[in-house]
Amino acid sequence: MLLLLLGIIVLHVAVLVLLFVSTIVSQWLIVNGRTADLWQNCSTLGVSSSFQCVTSSTNEWLQSVQAMMILSIIFSVLSLFLFFCQLFTLTKGGRFYITGIFQILAGLCVMSGAAIFTVRHTDWQLTTSDTSFGFAYILAWVAFPLAVISGVIYVILRKRE
């Protein structure tokens, strides 16, 4: 049982790391050597170690992606906190429903944010044939199924002695 709990906690922390990295890092979209994310657009100056960054667009769709990613982090952190609280207060045989629901909500929020970004990124970024999605965007899509899977595990999990 201890090994199962440790595995669940490791999965949850991995989801949290993926959510934080995908929300913070400036690699959601790469256009002609420039990188764009939810918060700023950066381009390299003549020297490869020098960056010039400007604030991202104030487009409503981009703001909804920002909100969804922040909500996913909040729900996941809250879920981890609730798991530890329920671990010590839940009666024997009880299920971790609240923890699982919040983790599934985190997964749905990250899925919504990444899907909105996929469909609407052309509203605030010019696309060319050289446009590609960055690794932070891919990490957001990887976090989605992991968060949902861990949420389902929490719902199925029963507390033992």
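Definitions and limits used
- Residues numbered from 1 in each chain as written.
- Predicted model: local features only at pLDDT ≥ 70, side-chain atom pairs only at ≥ 80, totals over all residues.
- Heavy atoms only, no water.
- Patch = residues over 30% accessible without salt bridge, like charges linked within 9 Å, V, L, I, M, F, W, Y side chains within 5 Å.
- Areas by Shrake-Rupley, 256 points an atom, 1.4 Å probe, with all protein chains shown as cover.
- Salt bridge = Lys/Arg side-chain N within 4 Å of Asp/Glu carboxyl O.
- Helix = DSSP H or I, 4+ residues; strand = E, 2+ residues; numbered from the N terminus.
- Buried < 20%, exposed > 50% of the residue type's maximum accessible area, 1.4 Å probe, protein only.
- Phe/Tyr/Trp six-rings, centres within 6.5 Å; stacked < 30°, edge-to-face > 60°.
- Contact = heavy atoms within 4.5 Å.
- Expected span 1.5 Å × (residues − 1).
- Core = buried A, V, L, I, M, F, W, Y, C linked by side-chain atoms within 4.5 Å.
- Axes fitted to C-alpha atoms, helices over the stretch in contact; angles between N-to-C directions.
- Parallel < 35°, antiparallel > 145°, perpendicular 65-115°, else oblique.
- Left-handed = near helix turned anticlockwise from the far one by under 90°.
- Nonpolar A, V, L, I, M, F, W, Y, C, P; charged D, E, K, R; others polar.

**Here we look at a nonpolar patch on the surface**
Taken together, the side chains of Tyr97, Ile98, Ile101, Leu105 and Leu108 make up a nonpolar region of the molecular surface, amounting to roughly 440 Å² of accessible area. Locating Tyr97 in the fold gives a position in helix H3 (residues 97-120). In this structure Tyr97 comes out as partly exposed when scored by relative accessible area, which is 45%.

**A look at the packing of aromatic side chains**
Ring pairs (aromatic) are described by centroid distance and by the angle formed between their planes. Scanning the entire structure with this criterion turns up 10 aromatic pairs. For the ring pair Trp28 and Phe117, a centre distance of 4.9 Å and an interplane angle of 65° mean the geometry is edge-to-face. Taken together, the residues span a long stretch of sequence, with Trp28 in the loop between helix H1 (2-24) and strand E1 (29-31) and Phe117 in helix H3 at a distance of 89 residues. For the pair Trp28 and Phe117, one class covers both residues: buried. A ring pair is formed by Phe83 and Phe84, whose centres lie 5.7 Å apart and whose planes are at 55°; its orientation type is tilted. On the accessibility criterion, Phe83 (0% relative accessible area) is buried. An aromatic cluster of at least three residues, connected via ring pairs, comprises Trp28, Phe117, Phe133 and Tyr137.

**Details of the side chain of Ser72**
Residue placement: Ser72 occurs in helix H2 (residues 60-89). If we skip the residues at most four places from it in the chain, Ser72 touches Leu19, Ala106, Cys109 and Val110.

**Brief notes about the environment of Val148**
Its location among the elements puts Val148 in helix H4 (residues 135-156). Considering only alpha carbons, one finds Val148 and Ile116, 32 residues apart in sequence, at a separation of 18 Å. Once residues within four sequence positions are removed from consideration, Val148 is found in contact with Ile104 and Gly107.

**Focus: H4**
The first and last C-alpha atoms of H4 sit 32 Å apart over 22 residues, in line with the 32 Å expected at 1.5 Å per residue. Regarding H4, the residues found buried are Ala136, Tyr137, Leu139, Ala140, Ala143, Ala147, Ser150, Gly151 and Tyr154. Of the surrounding secondary structure, the elements contacted by the buried residues of H4 are H1, H2, H3 and strand E5 (131-133).

**So, the nonpolar core**
Counting 23 residues, the largest nonpolar core has Leu19, Trp28, Leu38, Val65, Met69, Phe117 and Ala140 as its most contacted members. The leading source of residues in this core is H4, at six residues. Sequence-distant contacts of Val65, that is, excluding residues within four places in its chain, are made with Leu38, Gly113, Ile116 and Phe117. Membership of the second largest hydrophobic core comes to 10 residues, among which are Ile8, Leu16, Phe96 and Tyr154.

**Focus on the packing of H2 against H3**
In a packed pair of helices, the relevant descriptors are the angle between the two axes and the axis-to-axis distance. The geometry of H2 relative to H3 is characterised by a closest axis approach of 8 Å and an angle of 165° between their N-to-C directions. On the basis of their axis angle, the class for H2 and H3 is roughly antiparallel. As H2 packs across H3, the resulting crossing turns out to be left-handed. Counted by class, the contact of H2 with H3 contains 17 nonpolar, nine polar and one charged residues.

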